[in-house]
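Breakdown of the fold
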Amino acid sequence: MSDSRTPRAATPYVLVLYYSRQGATRALAETLAAGVETIAGIEARIRTVPSVSPVCEATEPEIPAEGAVYVTEDDLRHCAGLALGSPTRFGNMAAPLKHFLDTTSGLWMNGVLVDRPATAFTSTSSLHGGQESTLLTMLVPLLHHGMVYAGVPYSEPALIHTRSGGTPYGTSHVAGADGSRPVDDDERTLAKAQGQRIARLSLALSAMTEGRM
């Protein structure tokens, strides 16, 4: 078990961790983070992951040219809750995000993330582009970490009314074939509500996980 004396950040935070190729998942992440920030006593920490390449010589800069900075293991270790976002890749999460999760076995072995709440979100180019299956594959490693998964409940009216993205497994967004379609009102409402829910759960469950870092 890791040293329980290691302090958490003064203000607890939800780690909003995403990978985005064309910006659609990033926009959803920022909307969800805005929902987190509406809840008193907790913050959103937005992070991304570098791309991976089959070319051995290809490398990413240590600091991205734009957007969120790259995630570290400590960002995950000390979070009060996690929101994980990825575009779909054949009905699965994108390789860069899975690559990061594959490096977290040390946290898994020590049970660091057990009982912390987690949620997921995704973006696809078409309405039936694998949104639900992508979200389901994303929750699998979170369950292996012992996290408590929270989707979007049907008490959110936009989940019924939406004609674009939105699932009970997590917020989704239809970006269009060229990735340029903006997050619409229903998708934005659901992402904000999802952020608020994970923030409230993070605060509620923090007493159970105090000292388990």
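All chains use their own residue numbering, which begins from 1 and follows the written sequence. For a predicted model such as this one, the threshold for reporting local features is a pLDDT of at least 70, and the threshold for listing and counting side-chain atom pairs is 80 or more; totals across whole chains, interfaces and linings nevertheless cover every residue. Side-chain metrics rest on all non-hydrogen atoms present in the structure, leaving aside hydrogens and water.

We now examine the layout of surface pockets. In this structure, the second largest pocket spans a volume of roughly 230 Å³. Residues are called lining when one of their atoms sits within 4 Å of a cavity or pocket point, these points coming from a 1 Å grid over the protein atoms alone, where a cavity is a set in which a 1.4 Å probe fits but cannot get out and a pocket is an open set with protein on both sides within 12 Å along at least five of seven lines. If you go around the second largest pocket, you meet 16 residues; those closest to its centre are Gln22, Pro87, Arg89, Ser123 and Ser125. For the purposes of this entry, the term helix denotes a DSSP run of H or I that reaches at least four residues, the term strand denotes a run of E that reaches at least two, and both are numbered from the N terminus. If you list the elements that add at least two residues to the lining of the second largest pocket, you get helix H1 (24-36), strand E3 (81-89) and strand E5 (117-124). Element by element, the count of residues in the lining of the second largest pocket is highest for E3, at 3 residues. Grid points are joined across faces, edges and corners, and a volume is the space filled by probe spheres set on the points.

This next bit is on the pairing of E5. We call a residue buried when its accessible area falls under 20% of the maximum for its residue type, exposed when it is over 50%, and partly exposed in between, using a 1.4 Å probe and counting protein chains only. Where burial is concerned, most of E5 is hidden: 8 out of the 8 residues are buried. Here E5 shows two buried faces, one formed by Pro117, Thr119, Phe121 and Ser123 and the other by Ala118, Ala120, Thr122 and Thr124. Note: two strands are recorded as paired if DSSP finds a minimum of 2 bridges between them. Judged from the 6 bridges that link them, E3 and E5 form a sheet pairing that is parallel. Its bridge partner lying in E5, Gly85 is registered against Phe121. In this sheet, strand E6 (residues 148-149) lies alongside E5 in parallel orientation, the contact comprising 2 bridges. Bridging across to E6, Ala118 finds its partner in Tyr149. Two strands pair when backbone bridges link them, and E5 and strand E7 (residues 172-174) are joined in this way by 3 bridges, in the parallel orientation. Counterpart to Thr122 in the pairing with E7 is Ser172.

Non-glycine residue Phe90 carries a positive phi angle of around 55°. Along the polypeptide, Phe90 turns up in the loop between E3 and strand E4 (92-93). Under the relative-accessibility criterion, Phe90 is labelled exposed at 90%. We note that Asp115 has phi near 75°; this positive angle belongs to a residue other than glycine. Structurally, Asp115 is set in the loop between helix H4 (105-109) and E5. On the basis of relative accessible area, Asp115 is assigned to the partly exposed category, the value being 23%.

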